[in-house]
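Notes for the structure review
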Amino acid sequence: MKIGVIGTGLMGSQIAIRLVQKGHEVSVYNRDRTKSERLRELGLLVTEKPAEIGRICDFALICVKDYEAVSNVSFEKNGLIENPNKDLIVWQSSTISPDESHRLVDLFSSNGIKLVSVPIVGGVSAARRGELILIVSGSKSDYDKSLPVLRDLSKEVFYVGQDHGSSSTLKLAININISLIAIALAEGLVLVRGKNIDPNIFVRILNSTYFKTGISENKGPKITHDEYPASFSLDNMVKDLNLALRTAQNSGLTLPTTASAHAVYRATQVIGFSDMDYTSVALFLLNLNGYKGFR
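The following refers to the structure shown.

Thresholds, definitions, all that
- Residues numbered from 1 in each chain as written.
- Predicted model: local features only at pLDDT ≥ 70, side-chain atom pairs only at ≥ 80, totals over all residues.
- Heavy atoms only, no water.
- Helix = DSSP H or I, 4+ residues; strand = E, 2+ residues; numbered from the N terminus.
- Contact = heavy atoms within 4.5 Å.
- Pairing = 2+ DSSP bridges.
- Expected span 1.5 Å × (residues − 1).
- Buried < 20%, exposed > 50% of the residue type's maximum accessible area, 1.4 Å probe, protein only.
- Axes fitted to C-alpha atoms, helices over the stretch in contact; angles between N-to-C directions.
- Phe/Tyr/Trp six-rings, centres within 6.5 Å; stacked < 30°, edge-to-face > 60°.
- Lys NZ or Arg CZ within 6 Å of the ring centre and 35° of its normal.

Relative to the helices and strands, R246 resides in helix α12 (residues 234-250). Taking the C-alpha atoms as reference points, R246 and F59, 187 residues apart in sequence, are found 31 Å from one another. Not counting the four nearest positions on each side in its chain, R246 is found in contact with S97 and E100.

A few words now on the environment of I135. Relative to the elements of secondary structure, I135 occurs in strand β8 (residues 132-136). Taking C-alpha positions, I135 is 7.5 Å from K171, a pair spaced 36 residues apart along the chain. With near-sequence residues (within four places) excluded, I135 lies in contact with S117, V118, P119, V121, F158, V160, S167, L170 and K171.

This brings us to unusual backbone geometry. One non-glycine residue, N196, lies in the positive phi region at around 60°. Within the element layout of this structure, N196 appears in the loop between α8 (164-194) and α9 (199-206). With phi around 55°, D226 is a residue other than glycine that occupies positive phi space. Relative to the helices and strands, D226 is located in the loop between α11 (220-224) and α12.

A separate point is the sheet that holds strand β7 (residues 120-121). If you walk across this open sheet you meet the three strands as β7-β8-β9, and the pairing is mixed. In this open sheet, the two edge strands, each paired with only one partner strand, are β7 and β9 (154-159). Here five bridges tie β8 to β9, and the two strands are oriented parallel to one another. Residue L134 lies in a different strand from β9, and its bridge partner there is V157.

At 3.6 residues per turn, the α-helix brings residues three or four places apart onto the same side. The first and last C-alpha atoms of helix α1 (residues 10-21) sit 17 Å apart over 12 residues, in line with the 16 Å expected at 1.5 Å per residue. In terms of burial, α1 is a largely internal element, nine of the 12 residues being buried. Of the positions making up α1, those classed as buried are M11, G12, S13, Q14, I15, A16, I17, R18 and L19.

Spatial strand order, β3-β2-β1-β4-β5-β6: six strands in an open sheet with parallel pairing. Looking along the sheet, the strands with just one partner apiece sit at the ends: β3 (45-46) and β6 (114-117). Pairing between strand β4 (residues 59-62) and strand β5 (residues 89-92): four bridges, direction parallel. Within β5, the residue paired with I62 across the bridge is Q92. Sheet strands touched by helix α5 (residues 98-110): β4, β5 and β6. Its angle to β6, the strand with the most contacts, is close to 160°.

It is worth spelling out the packing of aromatic side chains at this point. Under the definition given, this model contains five aromatic pairs. Ring centres 5.0 Å apart and planes at 55° place the aromatic pair F75 and F108 in the tilted group. Here F75 is found in helix α4 (residues 67-75), whereas its partner F108 is found in helix α5, with 33 residues between them in sequence. Classification of F75 as partly exposed rests on a relative accessible area of 24%. Consider the rings of Y143 and Y159, whose centres lie 4.5 Å apart with planes at 20°: the pair is stacked. Highlighted residues: Y143 in helix α7 (residues 140-153) and Y159 in strand β9, separated in sequence by 16 residues. One residue, R103, lies across the ring of Y67, its end atom 5.1 Å from the ring centre.

Have a look at this one:
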């Protein structure tokens, strides 16, 4: 298939490479040209504008930061909708609110373009291995057409119905869980550090129990070595928790623990950790208690 990837950051670039490896013809676009040019030597076609992807591709995956970025690459001058290809199916994978998802569907539909919402669960390494979890909503027929390619990216695809807001809500709910697990791990580590116990022992014990998580197994050893390479940035976590709280409020719901987590991550962001991994919340909590690191 001819597939376009709009947004070639950490996640988008790995998805594009994976699609090439699975035999697809892949075109890419990124507003920062340097992030897409490095993919040219891997056999990907680098385009000058999103409209080119819309014109030549069967499917176009949007993988950018937020609703504003999705709107920019889709509806501004030379955007994705400026093409005569009415057979194009757009996969919108950016984490946005249910209300924003509905707004996008209306905007694409008014321009005669089909949209499928495909929020992504999983990090960069999962994208590299083709082991993402995809939560899909939209037209069943558009989903059926998309499924063979989506399977090339994932170990599991969940179709959750025609309401585009459903997949967005589910993704936000997943990210709430991720945020709370990371804070629990961080606070356990800070307690151990404060009592002069080797934090690596805590991680080893936790990971030998029923209560271990992917975060404790993959991120725990990095945290204890004061390493926070961003697979999912703190900035994005703050954005997603804000979306979750706004979605809850609009639905008359109260999420008190999520609100507390958002405050902690926001404080971590304010002191300058935005571009670090979301697990740098552990470093913030250490600093709050008078420690510079775990080592």
